[in-house]
Amino acid sequence: GLRMFAGGRRVFGPLVILASMLLYEAAAFLVFTAPLLAWMKGRRSPLLGSWPLLSVFIVGAAWQRLVVPFAFAAERHPVSFSPSHALKVLETGFECTYANRLVHLLYRNARFAWGSFSGLEWALWAVAALALGLAAFRLARGSERPAAFPALPLAFGNFFLGYAPYFFDRTYLPTVFSANNRLNMTGALGGALFFAWLAARWRSGGPALAGLLAAAFLLTGWSSNAQYALAYSRQKAILAEIEAALPDDAQALLLYGFEERIGAAVVFESTYDLAGALALKRRGIKARVGQGRVRFEAGSAVFVSNGEDRLPYDGLHAYDHAAKTMAALRGPGAAEVFLAGGAA
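Quick summary incoming for the structure in this document.

The rules behind the values
Residues numbered from 1 in each chain as written. Predicted model: local features only at pLDDT ≥ 70, side-chain atom pairs only at ≥ 80, totals over all residues. Heavy atoms only, no water. Helix = DSSP H or I, 4+ residues; strand = E, 2+ residues; numbered from the N terminus. Buried < 20%, exposed > 50% of the residue type's maximum accessible area, 1.4 Å probe, protein only. Contact = heavy atoms within 4.5 Å. Areas by Shrake-Rupley, 256 points an atom, 1.4 Å probe, with all protein chains shown as cover. Lys, Arg positive; Asp, Glu negative; His and termini not counted. Charge placed at Lys NZ, Arg CZ, Asp CG, Glu CD. Pairing = 2+ DSSP bridges. Axes fitted to C-alpha atoms, helices over the stretch in contact; angles between N-to-C directions. Left-handed = near helix turned anticlockwise from the far one by under 90°. Nonpolar A, V, L, I, M, F, W, Y, C, P; charged D, E, K, R; others polar. Phe/Tyr/Trp six-rings, centres within 6.5 Å; stacked < 30°, edge-to-face > 60°. Parallel < 35°, antiparallel > 145°, perpendicular 65-115°, else oblique.

## Focus on the overall build of the protein chain
- Of the regular secondary structure elements, the protein chain holds 12 helices and 9 strands.
- With the principal axes as the frame, the protein chain shows a C-alpha extent of 75 × 50 × 40 Å.
- Residues classed as buried in the protein chain amount to 41% of the 344 residues present.
- Long-range pairs, those at least 24 residues apart, make up 70% of the contacts in the protein chain between residues at least 6 apart in sequence.
- In the structure as shown, the protein chain presents an accessible area of about 18,500 Å², 65% of it carried by carbon and sulfur atoms.
- The average position of the 32 basic charges and that of the 21 acidic charges among the side chains of the protein chain differ by 15 Å.

So this is what it looks like as structure tokens:
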């Protein structure tokens, strides 16, 4: 969208940015890259020529912070600002984008690939990585950016803008050490610009660095794709089994007996997604991933996740994917018998 805007398509570019903001908050402050570039190039009134982008920023910000919280959903991340939290976000984001957590991201995905890729997949990656690495090597060795292109300030400007939305949310810190191992997209664009700048100017080692990063990130991308593909296959298999075994009179379902993550990929992105996925296959049913989240009381089962939800025993069933067993839970005693059979 920014490239379209800079290229004269001053309607379509802002619309692309607006669409991004409607989907995810991380793209919000990226609109300020255009006036940042204009300011770096010494133009007067850099904000004046960027009014279409600033307009869609206001619309998108209103959608994120006003329309969605008040009209569609309870606000999970209330707006707040703390200078100390902002510094923590920047420090952690810097590690994620440039330093040790970036290395950890590459390591984790390479380790998953080592334990799961077939010989053919390794051969395909080697060919693709060699081609991509050689292309990166040649580009880095032969590139010479014009002096007017402020790659280094823009790199760190993008990094700052990418993490700026999280200055206002005290409940959030960037992380790559969690099971959901990832980088922030907009901040990572700043990292890519920095490494491109470094590779183009470090004549002795820069081209090799460019080729190595290209190959490493290709493996990381393929490994991540493989994890999510396996998680999706596991989800489909579980849903097919549930659909075949679930009685017609079932009102609620608890799911047990499967690994909830395959690497960084989640089989059901949240425990509530089980109900949504089942609703696509059959009539609506209250379904939850039960393992580790349910206690069984005399009057009802109690599902605990972001609050408590009581599930009456009338029509309540449980399915153990590992044991391939479906059981009606008529009370705490039946639940104990079911859990003793292998579910956790």
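Still to come is the rest of the account.
## Details of the sheet that holds strand β7 (residues 308-312)
- In spatial order, the strands read β5-β6-β7; together these 3 strands make up an open sheet with antiparallel pairing. Of all the strands in the sheet, the pair left with one neighbour each is β5 (294-296) and β7. Across the sheet, the axes of successive neighbouring strands diverge by a mean angle of 25 degrees, strand direction being ignored.
- Direction of pairing for strand β6 (residues 300-304) relative to β7: antiparallel, over a ladder of 5 bridges. Its bridge partner lying in β7, V302 is registered against R310.

## Here's the deal with the packing of helix α7 (residues 119-142) against helix α10 (residues 206-245)
- Contact geometry for α7 and α10: axes closest at 7 Å, N-to-C directions at 145 degrees. Relative to α10, α7 is oriented so that their crossing is right-handed. Where α7 abuts α10, its residues E121, W122, L124, W125, A128, A129, L132, G133, A136, F137, A140 and R141 lie against G206, P207, A208, A210, G211, A214, A215, L218, L219 and W222.
- Per-class residue counts for the contact of α7 with α10 are 17 nonpolar, 3 polar and 2 charged.

## Some thoughts on the environment of T325
- Looking at the secondary structure, you find T325 in strand β9 (residues 325-328).
- Setting aside residues no more than four positions away along its own chain, T325 makes contact with A318, Y319, D320 and F338.

## Notes on the packing of aromatic side chains
- Inspection of the entire model under this criterion finds 22 aromatic pairs.
- For the ring pair F160 and F167, a centre distance of 5.4 Å and an interplane angle of 75 degrees mean the geometry is edge-to-face.
- For F167, a relative accessible area of 8% gives the class buried.
- Taken together, a centroid distance of 5.6 Å and an interplanar angle of 65 degrees make the contact between Y256 and F338 edge-to-face. With Y256 in strand β1 (residues 252-256) and F338 in helix α12 (residues 332-340), this residue pair connects regions lying 82 residues apart in the sequence.
- Assessed through its relative accessible area of 2%, Y256 is described here as buried.
- For F338, a relative accessible area of 9% translates into the label buried.
- Site record: aromatic cluster; members linked through ring pairs are F94, Y98, F156, F159, Y163, F194, F195 and W197.

## Some remarks on the packing of helix α2 (residues 12-23) against helix α4 (residues 51-72)
- Where α2 meets α4, the axes come as close as 9 Å, and the angle between the chain directions of the two elements is 20 degrees. Judged by the inter-axis angle, α2 sits roughly parallel to α4. Helix-helix and strand crossings are classified by hand; for α2 and α4 the assignment is right-handed. In contact with P14, I17, L18, M21 and L22 of α2, α4 contributes P52, L53, V56, F57, V59, G60, A61, W63 and Q64.
- Its residues assigned to classes, the contact of α2 with α4 shows 12 nonpolar, 2 polar and no charged.

## Re unusual backbone geometry
- Even without being a glycine, K324 presents a positive backbone phi close to 60 degrees.
- The residue K324 is located in the loop between β8 (316-320) and β9 in this model.

Everything listed here is a matter of coordinates, which is why it stays silent on function.
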